Amino acid sequence: MQFADDVAERRNLDRKWVRATIGNARLLPNVPRLMLPAPRGTAKNWRVYRSRFIDPIRIAAGVRFWRANADTLARAEAEYGVPPEIIVGIVGVETIYGRNMGNFRVIDALATLAFDFPQGHPRAAERQAFFRGELESFLSIESRTAEDPMMPVGSYAGAMGMPQFMPSSIAKYATDFDGDGRIDLVNNPADVIGSVASYFRAFGWQPGMPPIYPVGFDEARLKKDVLMAPDILPSFSADAFVAGGAVLEGEALTHKGLLALIELQNGADAPNYVAGTQNFYVITRYNWSSYYAMSVIDLGREVRTAMGQ
């Protein structure tokens, strides 16, 4: 209730409404466990991860989504510079184009994580503060609608709609892309497409820049530790990348921005590697995982290929 009073004062909201809304939230006992990281020593496997998102059902659904919204996707690319396959990849990976948007009450999920975040998490204090901020954003958004704040549903982390936006992202980046006077990320593909494109532009998407390039290695000159040190943050010019023993070809050799060496582990087998650009890094701002970003890229490519068949 102290949190409710603080939010009401900061956001100039009705104190009784905020107290009643938070007071009607229910603890979700299983959610805190879902936030804990995988046990140490759990091997990452890109092929297994990819198979969860790149399959005939999702590709076919992506083709239907793209064809049904081709004009809107083209307009989003013209206005924001984000190509259709990236937006299609995001919405497909997140919810299979609205098929799986979550069935947790958002107020319950956010309140659970705001007040009962698992203390065994290595960044418990930081993450709990994050979810308190998301709960505050959710309350602020809901206070401006005539809808029941108990009704919105989403993921166990409180993400909503086809693109699974957190409340703070809805507040900052969601857009009424069809101009009907309201933002609807659950039922309106135009708003979904425009909002995803808006999000990427806000995080620095560079129009026309490929997110990845193929990369090989010259083992005699390879300084993999140096190339891997910045992780997924682009830090090397193309010349510096090659000087570190990476082998680039074609347009990658004249890439004007910075590159990162992206490693995708395959369990006990040899990893896959790509050269990631600024745009690859931008995709990871949506979900901070290189495996996620590669799934978005690959799904978009597969859908684009299927579109031509």
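No experiment lies behind these values; they were computed from the predicted model shown.

On to the nonpolar core. Core analysis: the largest hydrophobic core is formed by 85 residues, its most contacted members being Ile87, Tyr97, Phe165, Phe200 and Ile283. The element that contributes the greatest number of residues to this core is helix α15 (residues 290-307), accounting for nine residues. Those residues within four positions of phenylalanine 200 in sequence are excluded, and the remaining contacts are Val82, Ile86, Ile90, Trp205, Val282, Ile283 and Tyr286. The next biggest cluster of nonpolar side chains, apart from the first, holds 13 residues, and it includes Tyr213, Val215, Phe241 and Ala275.

Side chains that are three or four residues apart share a direction in an α-helix, a result of its 3.6 residues per turn. Every buried residue of helix α6 (residues 70-80) is listed here: Thr72, Leu73, Ala76 and Tyr80. Each buried residue of α6 sits inside an arc of 100 degrees when the element is viewed along its axis, so together they form one side. Structural note: α6 exposes Asp71 and Ala78 on the side pointing more than 90 degrees away from its buried face. For α6, the secondary structure elements touched by its buried residues are α5 (56-68), α7 (84-95) and α11 (189-202). Directly beyond the C-terminal end of α6, a positive phi value near 85 degrees is found at glycine 81.

What follows is about the pairing of strand β7 (residues 269-276). In terms of strand pairing, strand β3 (residues 212-214) meets β7 through three bridges, oriented antiparallel. Bridge pairing links proline 214 to valine 274 in β7. In the sheet, strand β6 (residues 260-266) pairs with β7 via six bridges, with the strands oriented antiparallel. Bridge assignment links glutamate 263 to a residue of β7, and that residue is tyrosine 273. From the end of β6 to the start of β7, which pair antiparallel, there are two residues, and glycine 267 there has a positive phi angle of about 65 degrees.

So, about the pattern of salt bridges. A full pass over the atoms with the stated rule returns 14 salt bridges. Here arginine 11 makes a salt bridge to glutamate 136, at a shortest N to O gap of 2.9 Å. Separated by 125 residues along the polypeptide, arginine 11 in helix α1 (residues 2-11) and glutamate 136 in helix α9 (residues 124-143) bring together distant segments of the chain. Residue classification places arginine 11 among the partly exposed residues on the basis of a relative accessible area of 35%. In this structure, aspartate 269 and arginine 47 form a salt bridge, with 2.6 Å as the shortest nitrogen-oxygen distance.

Further remarks concern the sheet that holds β7. Judged by pairing direction, the sheet is antiparallel, and its three strands sit side by side in the order β3-β7-β6 without closing on themselves. Looking at strand neighbours, the two that pair on one side only are β3 and β6, the edges of this open sheet. Each adjacent strand pair in this sheet contributes to an overall mean axis angle of 40 degrees, direction not counted. Along the sheet, α15 makes contact with β3, β6 and β7, crossing β6 at roughly 90 degrees.

Gaps between atoms show up when a probe of the same size as a water molecule is rolled over them. In this structure, the second largest pocket spans a volume of roughly 630 Å³. For the lining of the second largest pocket, the secondary-structure elements that each account for two or more residues are α9 and α10 (167-173). Of the residues assigned to the lining of the second largest pocket, the class counts are eleven nonpolar, four polar and five charged.

What counts, and where the lines are drawn
- Throughout, a residue's number is its position along its own chain's written sequence, starting from 1.
- Confidence filtering applies because this is a predicted model: local features only for residues at pLDDT of at least 70, side-chain atom pairs given and counted only at 80 or more, and all residues used for totals across whole chains, interfaces and linings.
- With hydrogens and water stripped out, all remaining heavy atoms of the structure feed into the side-chain values.
- By convention a nonpolar core is built from buried Ala, Val, Leu, Ile, Met, Phe, Trp, Tyr and Cys residues, the set being connected through side-chain atoms within 4.5 Å.
- Accessibility here uses a 1.4 Å probe with only protein chains present; expressed as a share of the type maximum, an area under 20% marks a residue as buried, one over 50% as exposed, and anything in between as partly exposed.
- Under the DSSP-based scheme used, a helix requires at least four consecutive residues in state H or I and a strand at least two consecutive residues in state E, with every element numbered from the N terminus.
- Contact criterion: two residues are considered in contact whenever any of their non-hydrogen atoms come within 4.5 Å of each other.
- The arc in question is formed by the directions pointing from the helix axis toward the C-beta atoms.
- Should DSSP find at least two bridges between two strands, the strands are regarded as paired.
- A pairing counts as a salt bridge when a side-chain nitrogen of Lys or Arg comes within 4 Å of a carboxyl oxygen of Asp or Glu.
- Lines fitted to C-alpha atoms define the axes, with helix axes restricted to the stretch in contact, and inter-axis angles between N-to-C directions lie between 0 and 180 degrees.
- Here a cavity denotes a set of grid points, spaced 1 Å apart and computed over the protein atoms alone, in which a 1.4 Å probe fits but from which it cannot get out, and a pocket denotes an open set meeting protein on both sides within 12 Å along at least five of seven lines; residues with an atom within 4 Å of a point are reported as lining.
- Grid points are joined across faces, edges and corners, and a volume is the space filled by probe spheres set on the points.
- Only Asp, Glu, Lys and Arg are considered charged in this grouping, and only Ala, Val, Leu, Ile, Met, Phe, Trp, Tyr, Cys and Pro are considered nonpolar; every other residue, Gly among them, is considered polar.

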